[in-house]
Amino acid sequence: MTKEQYLRIMGWIREKKYGISWIKWSGKGITYLTAFVYFAGMIWLVWQRDLRVIPFVVTPAVSFVCVSIFRARYGAKRPYEIYGFEPLLPKDTQAKSFPSRHVFSIFVIATVICFILPVAGVGLLLLGMVLAVLRVVMGVHFPGDVLAGAVIGIVSGCIGMGIWLL
């Protein structure tokens, strides 16, 4: 996206009475709901003595560490750094834009949940798409950052759960 596109979208949101609040709280709500569903799934698997809890926990954890290391080394700048605007979500983070770790996280979690409870997993995948859009319109990521986060999350989740279940 260009600077003008970001400014146009963020300007439209800023002029709405509750635009910024809605955007911020929607992102937080999706993040907290995802964490709740993930931990509830983990507790349920432990309660059931289901050994799938191992890849359910290990896959997102290992993938998260790998993505974090890659982001730190790759050091892609964020839109607000490149274009010099104030994002809707106040951030002072420098670089570490690619891939989006928020989007990666929801997609890897949604994918491992799909292997256990498909309906909940698909619901989280849909919320992940909403979160991806929110991260872009807030001005903290480029579309490619969130797309890469989603793809890497899905692939990581499938590999991690697939290796265990084969």
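1. Looking at helix α5 (residues 101–116)
Moving on, step 1. Its 16 residues give α5 an end-to-end C-alpha distance of 23 Å, which sits within 8% of 22 Å, the value for a rise of 1.5 Å per residue.
Moving on, step 2. With 12 of its 16 residues buried, α5 lies for the most part within the structure.
Moving on, step 3. Among all positions in α5, only Val 103, Phe 104, Ser 105, Ile 106, Phe 107, Val 108, Ile 109, Ala 110, Thr 111, Val 112, Ile 113 and Ile 116 are buried.
Moving on, step 4. Looking at the buried side of α5, the elements it contacts are α2 (19–47), α3 (53–74), α6 (118–137) and α7 (143–165).

2. Thoughts on the packing of α3 against α5
Moving on, step 1. Contact pair α3 / α5: the axes reach a minimum separation of 10 Å and the direction vectors enclose 160°. Taken together, the axes of α3 and α5 lie roughly antiparallel to each other. Classified by chirality, the crossing of α5 by α3 is right-handed. Of the residues in α5, those touching α3 at Phe 56, Thr 59, Pro 60, Ser 63, Phe 64, Val 67, Ser 68 and Arg 71 are Arg 101, Phe 104, Ser 105, Val 108, Val 112, Ile 113 and Ile 116.
Moving on, step 2. Considering only residue class, the contact of α3 with α5 consists of 9 nonpolar, 4 polar and 2 charged.

3. Side note on α2
Moving on, step 1. The terminal C-alpha atoms of α2 lie 42 Å apart, and with 29 residues this matches the ideal 42 Å at 1.5 Å per residue to within 8%.
Moving on, step 2. Of the residues making up α2, those classed as buried are Gly 19, Ile 23, Ser 26, Gly 27, Ile 30, Thr 34, Tyr 38, Gly 41, Met 42 and Leu 45.
Moving on, step 3. For α2, the secondary structure elements touched by its buried residues are α1 (3–15), α3, α5 and α6.
Moving on, step 4. One or two steps after α2, the chain reaches Arg 49, where phi turns positive at roughly 55°.

4. Structural notes on the packing of aromatic side chains
Moving on, step 1. Counted under the stated rule, the structure contains 10 aromatic pairs.
Moving on, step 2. Plain terms: the ring middles of Phe 70 and Tyr 74 are 5.3 Å apart, the flat faces sit at 15° to each other, and that makes the pair stacked. Of this pair, Phe 70 and Tyr 74 both sit in helix α3, 4 residues apart, which is roughly one turn of that helix.

5. So, the pattern of salt bridges
Moving on, step 1. As enumerated under the stated definition, the model contains 1 salt bridge in all.
Moving on, step 2. The salt bridge involving Arg 52 is made with Asp 50; its shortest N-O contact spans 2.6 Å.
Moving on, step 3. With a relative accessible area of 17%, Asp 50 lands in the buried category.

6. Focus on the environment of Arg 52
Moving on, step 1. With respect to the secondary-structure elements, Arg 52 resides in the loop between α2 and α3.
Moving on, step 2. Along the backbone, Arg 52 and Ile 69 are 17 residues apart, and their C-alpha atoms lie at a distance of 26 Å.
Moving on, step 3. Contact partners of Arg 52, with chain neighbours within four places excluded, come to Leu 45, Phe 115, Ile 116, Trp 164 and Leu 165.

7. Considerations on the packing of α5 against α7
Moving on, step 1. Look at α5 against α7: their axes get within 7 Å of each other, and the N-to-C directions meet at 30°. For α5 against α7, the interelement crossing comes out right-handed. On α7, the residues that touch Val 103, Phe 104, Phe 107, Val 108, Thr 111, Val 112, Phe 115 and Ile 116 of α5 are Val 146, Gly 149, Ala 150, Ile 152, Gly 153, Ile 154, Ser 156, Gly 157, Cys 158, Met 161 and Leu 165.
Moving on, step 2. Here the contact of α5 with α7 is built from residues that sort into 14 nonpolar, 5 polar and no charged.

8. Brief notes about a nonpolar patch on the surface
Moving on, step 1. On the surface, Leu 51, Ile 54, Val 57, Val 58, Val 62, Phe 115, Trp 164 and Leu 165 cluster together to form a nonpolar patch covering roughly 660 Å² of accessible area.
Moving on, step 2. Listing elements by their share of the nonpolar patch, those giving two or more residues are α3 and α7.
Moving on, step 3. With respect to the helices, strands and loops of the structure, Trp 164 is situated in helix α7.

What counts, and where the lines are drawn
Residues numbered from 1 in each chain as written. Predicted model: local features only at pLDDT ≥ 70, side-chain atom pairs only at ≥ 80, totals over all residues. Heavy atoms only, no water. Helix = DSSP H or I, 4+ residues; strand = E, 2+ residues; numbered from the N terminus. Expected span 1.5 Å × (residues − 1). Buried < 20%, exposed > 50% of the residue type's maximum accessible area, 1.4 Å probe, protein only. Contact = heavy atoms within 4.5 Å. Axes fitted to C-alpha atoms, helices over the stretch in contact; angles between N-to-C directions. Parallel < 35°, antiparallel > 145°, perpendicular 65-115°, else oblique. Left-handed = near helix turned anticlockwise from the far one by under 90°. Nonpolar A, V, L, I, M, F, W, Y, C, P; charged D, E, K, R; others polar. Phe/Tyr/Trp six-rings, centres within 6.5 Å; stacked < 30°, edge-to-face > 60°. Salt bridge = Lys/Arg side-chain N within 4 Å of Asp/Glu carboxyl O. Patch = residues over 30% accessible without salt bridge, like charges linked within 9 Å, V, L, I, M, F, W, Y side chains within 5 Å. Areas by Shrake-Rupley, 256 points an atom, 1.4 Å probe, with all protein chains shown as cover.

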